[in-house]
Every structure is written in C-alpha cells, then in structure tokens.
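Structure at a glance
Letter by letter, the chains look like this.
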Amino acid sequence: MQIARTVRELRSALGTNRAAAFVPTMGNLHEGHLSLARIAKATGRPLVASIFVNRLQFAPHEDFDSYPRTFEADCDKLRSAGCDLLFAPGERELYPVEQTCRITTPPGLGDVLEGAFRPGFFEGVATVVMKLFGCVQPAVAVFGTKDYQQLMVVRRMVEQFNLPIEVLAGPTLREADGLAMSSRNGYLDAAQRAEAPALARALQALAQRAAGARSLQALADAEHEAMATLQARGWKPDYLTVRRRADLAPPQAADLATPDTLVTLGAARLGTTRLIDNLEF
Ligand code: PAF
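Now for a quick tour of the structure.

About the criteria used
Note on numbering: residues in each chain are counted from 1, in written sequence order. A pLDDT threshold of at least 70 governs which residues receive local features in this predicted model, and a stricter bar of 80 or more applies before side-chain atom pairs are shown or counted, although totals over entire chains, interfaces and linings include all residues. The basis for every side-chain value is the complete set of non-hydrogen atoms in the structure, without hydrogens or water. Whether two aromatic rings pair depends on their centres lying within 6.5 Å, for rings of Phe, Tyr and Trp, where Trp uses its six-membered ring; planes under 30 degrees apart make the pair stacked, over 60 edge-to-face, and the rest tilted. Numbering of helices and strands runs from the N terminus, with a helix taken as a DSSP run of H or I at least four residues long and a strand as a DSSP run of E at least two residues long. Using a 1.4 Å probe on the protein chains alone, a residue whose accessible area is under 20% of its type maximum counts as buried, one over 50% counts as exposed, and one in between counts as partly exposed. In this analysis the charged atom, NZ for Lys or CZ for Arg, is taken to sit over a ring once it is within 6 Å of the ring centre and within 35 degrees of the ring normal.

Thoughts on the packing of aromatic side chains
Counted under the stated rule, the structure contains seven aromatic pairs. Residues Phe22 and Phe133 carry aromatic rings whose centres are separated by 6.3 Å and whose planes lie at 70 degrees to one another, so their mutual orientation is edge-to-face. Of this pair, Phe22 sits in strand E2 (residues 21-25) while Phe133 sits in helix H6 (residues 121-136), and the two are 111 residues apart along the sequence. Aromatic pair Phe117 and Tyr239: ring centres 5.7 Å apart, planes at 35 degrees, arrangement tilted. Highlighted residues: Phe117 in helix H5 (residues 114-117) and Tyr239 in strand E7 (residues 236-244), separated in sequence by 122 residues. With a relative accessible area of 8%, Tyr239 lands in the buried category. In textbook terms, an aromatic cluster arises when at least three aromatic residues are bridged by ring pairs, as seen for Phe22, Phe133 and Phe143. Seen from the ring of Phe71, Arg5 lies directly overhead, with NZ or CZ sitting 4.4 Å from the centre. We note Arg118 situated over the ring of Phe121; from NZ or CZ to the ring centre the distance is 4.1 Å.

Given below as structure tokens:
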C-alpha cells in the first residue's frame, strides 16, 4: 500500500491507480470501515482510502481534539483489506488557507435531524468530501448506511454537481448484541457498552409500531414512546423518528400504507457519547 501525505504525492501515485474506488474515513478503523473497503475492492478498481479528521465537521464543543487517531493500526487494517493507496494529508495540506468556499447542503435535508442538532456538520462533511473527490477523482465512492443522512447529502451533492462518481452504500455492520459499529463506541465504559444496544432495539420497536400505524397520530405516539423508553434508561435522546427514505421528510398519511419507503433514525447521548443509528422498514 502506497501512502500519500500530500496532494502532489497523491497525484503522482494516482498515475497508476486511476478511476479508483474510494473510501473516505476519519481513521480509527473498525470492521464497518473494512466492509466498505471490501465493497470498493470488489469493483475491481484500484482501492484508494483516505484518513483525515476533518475539523470543519466538528463544532467547537465536540470531540475533534480527542477523536481517536490510530494511524499505524489503521494502515495495517487497510493493507489487509487490499488497499492500494492511502491518502492521509495533514490539516495544513488539505486546508492550507481558510476554507472559505464551502458546500451549502440542501434545505430540508442538510438542516434536519443531524443537521439540526449539529449545525454546520453537513456543510463540513460535504465540503471535505468535495475536496477529497477533487483530490482522488474516483470513479466510485463507498459510504456507510450507518450515516444515513450523510449518505443522502453526498448522493444529492454528486447528482447536483454532475460529478462522474458512482456512490455505493455499504450496509451497517453490527456487534453480536446489535450495536451498530462506530468509532465512537470506543468512548463507552463497560456499563455504557452493555446499555448501548438499547438504541438499536428502540429503533426496531419503533419501526414495528410504525409499520402497523394507521394514522399520523399513532406514528407520533410511537416516536414519543421510543424517546421516553430511552430516557427512562438514562439516555438523553436528540431524536427517534420515522422519515421517508426518499427525502427524509416526515411521512404523510399515504406513506403509512406504502411498504419499504420508510426509515427510523435515532440519535441519543449515553453519558457524554452521542450515538446514531437507523433502520429501514
Ligand atoms: O463518515 C466519515 O467518516 C466522515 O464524515 C467522512 C465522510 C470521512 C468525511 O470526513
């Protein structure tokens, strides 16, 4: 695996790794990331990954400074997944001057749910993904369904900017007890780790109730109960909600009768760790 630390090194290494399948990451890699790398590898294209902890997508009070940086271990994992080229720029390389050109994300998609609770998050994500796309110029890019809304924002950006990139989605990988794999799971202490699968269970229960709901009021009640269930277990939920898969808008009455069009999404804090998850149904 070649490692490029600068855009110049990347460009020269891309000479032999053109039209790559690309997996952007912030490092601290787990099986979920590696499953995305395997999807990229299966395209038969050169596999390019990136590791860059992107300051732009963290609010000042968030965990940018403490975000785990595990570069050597990440390199070993990427090598074992067959990665051909790793782009791992420093901050000054990717943001040599203040990044004043930013991607504005679509109203109704980028400013709801995660976008409402983490203002500026999707602008930061979309901006760095656009920059990484400009650097790597991949033919294919792979993103995890775990970050459901991020995937939708990236897809919308690729469509609306006519980027010649096929976006593939990798399914969420889960631990044996149902907890969605995430770099932030490492922040949990033993008791919190044991409690953490309750988020996935709450979303599953909400999906079941929503699938049987015959009115918007029944849906609202189910969402309210899902939040209350987690609260009673000591969580601080930001949202547990049912949305349309197509645009993340709240469902209309007609949507309730249409199978396979809805998704439950949730974000909740356990201690100081904020976890997100989702489930299509
Ligand atoms: O999902 C992530 O790890 C990040 O949001 C991404 C896409 C690498 C952009 O920094």
